[in-house]
Amino acid sequence: MRGVIYVATGAGYRDLAVASATSLRAHEPHLQIDIFTDDLSDPALAIFDQVHLVDNPEPRSKLLYMQKTRFDHTLFLDADTLVVAPLGDVFDLLQQFDMALAHEVRRNGTLVNEGLEEQTPRAFSQLNSGVLLYRRTPAVLAFLAEWHQRFKAAGVPRDQIILKDMLWRTDLRYYVLPPEFNLRRVTELDAIEPLDMAPTVLHSHRLMDHMRAGAPRISDPAALMRAERAMLVQEWRDAGAPLTEDDDALARFRAARPAGALPPLRPAGDK
């Protein structure tokens, strides 16, 4: 059996999970959807097929409750996601692979290249744990259990630090999903062409802004696009890139690279 699960504790995250599941239902009305949460009395939970109790919420409860899926093939979604298209044949990946997940986007820095025990090539960056497709097999469940145990023991704030080490060493077969299944920068939609990709799952911390910064609630892709465009401009300004109404894309590109990494531009016609 195939299905989607959420793990969300606290009213704010539970509300986000309900919104995400509602967007999923609009595109996949027949797919089974479960939630693991700490309050079973919320009437909004009727959107889910089954509701399971999280007895003692802990940091990254998802690492424990992903192991408790009732589905043979599971798609785990973080609460701060919106599904904007049918999932298509993504579950078919599990006929060939044990797991599938997408790259983390912040690869131009130390954060997503951080591991705990392993020194890896820079090109082996962290993978994002907010959209994770997996099979319910003894090997995968053992992997999830070890991930949970190592995270609790390490005392680090981000579960992906542990995941990176484990993926470097694992014998499990895993696939890196294309970004449309975990689109972390919806501003990319401004530049894509029709045949580039079909956005499917949007995953953005901006969907939590109302919980963290008192900002207006974002509940649809259009509002999310506006919020991310504003944040994009601010981040480039903070990075020292010149931004004007005639924004110089090359200047932004150069600002993202280490000094001296790019040669000077050659005159037109120079070969």
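Conventions and cut-offs
- Residues numbered from 1 in each chain as written.
- Predicted model: local features only at pLDDT ≥ 70, side-chain atom pairs only at ≥ 80, totals over all residues.
- Heavy atoms only, no water.
- Core = buried A, V, L, I, M, F, W, Y, C linked by side-chain atoms within 4.5 Å.
- Buried < 20%, exposed > 50% of the residue type's maximum accessible area, 1.4 Å probe, protein only.
- Helix = DSSP H or I, 4+ residues; strand = E, 2+ residues; numbered from the N terminus.
- Contact = heavy atoms within 4.5 Å.
- Salt bridge = Lys/Arg side-chain N within 4 Å of Asp/Glu carboxyl O.
- pLDDT = per-residue confidence, 0-100.
- Phe/Tyr/Trp six-rings, centres within 6.5 Å; stacked < 30°, edge-to-face > 60°.

Visitor: How should the nonpolar core be read in this particular structure?
Guide: In globular proteins that are soluble, nonpolar side chains generally tend to be buried together. Val4, Tyr6, Phe48, Leu75, Leu77, Leu87 and Phe91 are the most contacted members of the largest nonpolar core, which has 39 residues in total. Among the elements that take part in this core, helix α1 (residues 11–27) stands out by supplying 5 residues, more than any other. In this view, Leu75 contacts Gly3, Val4, Ile5, Leu87, Phe91, Val131, Leu132 and Leu133; residues no more than four positions away in its chain are not counted.

Visitor: Hey, could you run me through the pattern of salt bridges in this one?
Guide: Where charged atoms from two side chains of opposite charge approach closely, those side chains can pair. Scanning the model with the defined rule gives 18 salt bridges in all. Residue Asp38 is joined to Arg14 by a salt bridge in which the shortest nitrogen-to-oxygen separation is 2.8 Å. With Asp38 in the loop between β2 (32–37) and β3 (50–53) and Arg14 in helix α1, this pair connects stretches of sequence that are 24 residues apart. Accessibility expressed as a relative area gives 6% for Arg14, which makes it buried. Close ionic contact of Asp98 with Arg135 constitutes a salt bridge, the shortest N to O distance being 3.1 Å. You can see Asp98 sitting in the loop between β5 (81–83) and β6 (99–103) and its partner Arg135 sitting in strand β7 (residues 127–135), a full 37 residues away along the chain. Under the relative-accessibility criterion, Asp98 is labelled buried at 12%. Among the ionic contacts, a cluster of salt bridges with common partners joins Glu117, Glu118, Glu146, Arg150 and Arg169.

Visitor: Could you clarify how one ought to interpret the confidence of the model for the chain in this entry?
Guide: Atomic detail in the predicted coordinates should be set aside for any region of low pLDDT. Predicted confidence across the chain gives a mean pLDDT of 88, with 89% of residues reaching 70 or more. Contacts of residues 259–271 to residues separated by more than four positions or lying in other chains number 8 contacts, the stretch itself having pLDDT below 50.

Visitor: How should the environment of Leu64 be read in this particular structure?
Guide: In this structure, Leu64 sits in helix α2 (residues 62–65). The partly exposed category is assigned to Leu64, whose relative accessible area is 21%.

Visitor: I would appreciate a short explanation of unusual backbone geometry in the present structure.
Guide: Note: most residues except glycine have negative phi, and most peptide bonds are trans. Positive phi, normally seen in glycine, also occurs at Arg60, with a value near 60°. Among the structural elements, Arg60 can be located in the loop between β3 and α2. Given a relative accessible area of 33%, Arg60 falls into the partly exposed group.

Visitor: How should I be thinking about the packing of aromatic side chains in this particular structure?
Guide: Aromatic ring pairs are defined here through the distance separating the ring centres and the angle between the ring planes. On inspection of all chains with the given rule, the structure shows 4 aromatic pairs. Each ring, one from Tyr6 and one from Phe48, has its centre 5.9 Å from the other, and the planes form 70°; the classification is edge-to-face. On the criterion of sequence distance, the pair formed by Tyr6 in strand β1 (residues 2–7) and Phe48 in the loop between β2 and β3 is long-range, its members being 42 residues apart. Neither residue differs from the other here; Tyr6 and Phe48 are each classed as buried.

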